[in-house]
Amino acid sequence: PLTLEEVQMLVELFYLPYHHGALAQELLEHFRWLRANSLSVGVPATAPDACGGTRWRGRAQSFQELCARTCRLHSRFVSTAGRALLYDLHPYLWDIRNMLLAASAFVLWLGCQSITAPILLGRDAEPWARRGGLFGELQALLPVGNSCDLFYHPPPLFPSSQLYLLRPLLPLDKLGHEGGSCSEVSQGLQAQLSCVPALPGRLLGSFLSLSPEYTFVLEDEGGPCGYAAGALHAEGFLQQRDSSWLPAIRHKYPPDLGTAGSALGQDALEEAVLFFHAEPLAVPQPVLRRFPSLVQLGTAPRVLDVGASRSLALCLLSALRANGSRGVFCQVSDADRQQLSFYSKLG
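The structure displayed is predicted, hence computed values, not measured ones.

Definitions and cut-offs
- Residues numbered from 1 in each chain as written.
- Predicted model: local features only at pLDDT ≥ 70, side-chain atom pairs only at ≥ 80, totals over all residues.
- Heavy atoms only, no water.
- Pairing = 2+ DSSP bridges.
- Helix = DSSP H or I, 4+ residues; strand = E, 2+ residues; numbered from the N terminus.
- Contact = heavy atoms within 4.5 Å.
- Axes fitted to C-alpha atoms, helices over the stretch in contact; angles between N-to-C directions.
- Buried < 20%, exposed > 50% of the residue type's maximum accessible area, 1.4 Å probe, protein only.
- Polar contact = N/O pair within 3.5 Å; in protein donor to acceptor, adjacent residues only side chain to side chain.
- Parallel < 35°, antiparallel > 145°, perpendicular 65-115°, else oblique.
- Nonpolar A, V, L, I, M, F, W, Y, C, P; charged D, E, K, R; others polar.
- Phe/Tyr/Trp six-rings, centres within 6.5 Å; stacked < 30°, edge-to-face > 60°.
- Expected span 1.5 Å × (residues − 1).
- Salt bridge = Lys/Arg side-chain N within 4 Å of Asp/Glu carboxyl O.

## Quick word on the sheet that holds strand S3 (residues 223–231)
(1) Moving on: Taken in spatial order, the five strands line up as S1-S2-S3-S4-S5 in an open sheet, and their pairing is mixed. Only two strands of the sheet have a single neighbouring strand rather than two, namely strand S1 (165–168) and strand S5 (328–329).
(2) Moving on: With two bridges connecting them, strand S4 (residues 293–299) and S5 associate as parallel partners. Within the sheet, the bridge partner assigned to Leu-294 lies in S5 and is Phe-329.
(3) Moving on: Sitting on the sheet, helix H9 (residues 234–252) is in contact with S3, S4 and S5, with an inclination near 75° to S4.
(4) Moving on: Relative to S4, helix H12 (residues 306–322) is tilted by about 160°, and along the sheet it contacts S1, strand S2 (215–220), S3, S4 and S5.

Next comes the structure, spelled out in structure tokens:
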């Protein structure tokens, strides 16, 4: 059963209207302070005001621990609460879990960056665009807080106790072993994100090579199970991809490789080689002017909780918005039913 401490946490998350419990208040205070003082993260350790960066990282760690405790509470609640209580309270706790997954990843991302300007927020939202309670206040603190469509999804009919970790791509991911490279990171992630193996780099290679600072990884107990990748300035990113990254990949995987047979499987290998050697479609200039950033998201088939996918989108879009993006687009083949279904479920 739930411990007394866990019951107290549950009460403090949903205390009284306009009155937060101690846990909720602490989460909000940390998040407000970390966002307001994010400029100090990039201060070099030798600078006179370097203690600001140290203090920021200390509070960031405290915030991460509180978020992790709350996510564990959600998992424990689903596993142990009586069915009547579970279905009454789960939608609220599920919402908070999803919000804290995104907020925690966003704070981790801030700690990896050198933001040189205050975090950009959208215009003031209409009152109906935000919900009340802790969820609404956390929503307002994310850079995409006014995009109300991102924040509402009906809870799953069958609650899952699966624990998730959402984080930015870290330098250690590229140094998983001596000689590790971006393509190997991509291969490792893709091997677990796809039922069909493919050549490294097909899904994530260009983002890992050219825009790794906007790549996020979703993990469950089985390892990586989702990703979100973006490019702040899509036009320059696509030009660089077509002029330098694609030629290098095509040289590495020549067209006749697909007919040579492989342990990967003939069909999968041919499909991957054709993907690299097909000429990418140009993005119309009106699209680039209105939506200057490119995004790509995906999850493994085992991820059935749309809340985890929503958190992926929230943290990626918050990172792009924090650095000034006005809008995003994604490129999907009209034959890719899986991706079309994934984006449709996100709304």
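## Topic: the side chain of Glu-219
(1) Moving on: Structurally, Glu-219 can be placed in strand S2.
(2) Moving on: On the accessibility criterion, Glu-219 (19% relative accessible area) is buried.
(3) Moving on: A distance of 3.0 Å separates a polar atom in the side chain of Glu-219 from a polar atom in the side chain of Arg-167.
(4) Moving on: When near neighbours in sequence (up to four residues on either side) are disregarded, Glu-219 contacts Leu-163, Tyr-164, Leu-165, Arg-167, Pro-224 and Cys-225.

## A closer look at unusual backbone geometry
(1) Moving on: A positive phi is found at Tyr-18, a non-glycine position, where the angle reads about 65°.
(2) Moving on: With respect to the helices and strands, the residue Tyr-18 is situated in the loop between helix H1 (4–13) and helix H2 (22–36).
(3) Moving on: By relative accessible area, which is 90% here, Tyr-18 ends up exposed.

## Comments concerning the packing of H2 against helix H5 (residues 133–141)
(1) Moving on: Taken N-terminus to C-terminus, the directions of H2 and H5 make an angle of 5°; their axes are 10 Å apart at the nearest point. Taken together, the axis directions place H2 and H5 in an arrangement best described as roughly parallel. Taking contact as the criterion, the partners of Ala-24, Leu-27, Leu-28, Phe-31, Arg-32 and Arg-35 in H2 are, on H5, Leu-134, Glu-137, Leu-138, Ala-140 and Leu-141.
(2) Moving on: Its residues assigned to classes, the contact of H2 with H5 shows eight nonpolar, no polar and three charged.

## Some words on the packing of aromatic side chains
(1) Moving on: All told, the structure shown has six aromatic pairs when counted by the stated rule.
(2) Moving on: Both rings, one in Phe-106 and one in Trp-109, keep their centres 5.8 Å apart while their planes meet at 20°; by these two values the pair is stacked. Separated by three residues within a single helix, Phe-106 and Trp-109 lie in helix H4 (residues 83–112), roughly one turn from each other. Residue Phe-106 shares its accessibility class with Trp-109, and that shared class is buried.
(3) Moving on: Clustering of aromatic rings is evident, with ring pairs tying together Phe-106, Trp-109 and Tyr-214.

## Comments concerning the pairing of S3
(1) Moving on: In terms of burial, S3 is largely enclosed, as nine of its nine residues are buried.
(2) Moving on: Pairing of S2 with S3, which is carried by six bridges, proceeds in the antiparallel orientation. Along S3, the bridge assignment pairs Asp-220 with Gly-223.
(3) Moving on: Hairpin connection of S2 to S3: two residues between the antiparallel strands.
(4) Moving on: Two elements, S3 and S4, share six bridges in a ladder whose sense is antiparallel. Its bridge partner being in S4, Ala-228 is matched across the sheet by Leu-297.

## Section: H2
(1) Moving on: Along its 15 residues, H2 runs 21 Å from first to last C-alpha, staying within 8% of the 21 Å computed at 1.5 Å per residue.
(2) Moving on: Those residues of H2 that sit buried are Leu-23, Ala-24, Leu-27, Leu-28, His-30, Phe-31, Trp-33 and Leu-34.

## Some thoughts on the environment of Ser-160
(1) Moving on: Mapped onto the elements of the fold, Ser-160 is located in the loop between H5 and S1.
(2) Moving on: For the pair formed by Ser-160 and His-74, sequence separation is 86 residues and the distance between their alpha carbons is 9.2 Å.
(3) Moving on: Excluding anything up to four places from it in sequence, Ser-160 contacts His-74 and Val-78.
(4) Moving on: At 3.1 Å, the side chain of Ser-160 and the backbone nitrogen of Gln-162 are in polar contact.

## What about the pattern of salt bridges?
(1) Moving on: Counted by the stated rule, this structure contains eight salt bridges.
(2) Moving on: The salt bridge partner of Arg-76 is Glu-6, with a shortest N-O separation of 2.9 Å. Of this pair, Arg-76 sits in helix H3 (residues 51–80) while Glu-6 sits in helix H1, placing them 70 residues apart in sequence.
(3) Moving on: The class of Arg-76 is partly exposed, set by a relative accessible area of 28%.
(4) Moving on: Glu-6 gets classed as buried once you look at its relative accessible area, which sits at 14%.
(5) Moving on: Here Arg-310 makes a salt bridge to Asp-95, at a shortest N to O gap of 3.3 Å. One end of the pair, Arg-310, is in helix H12; the other, Asp-95, is in helix H4, and 215 residues separate them in sequence.

Note that all results are geometric; they support no functional claim without further evidence.
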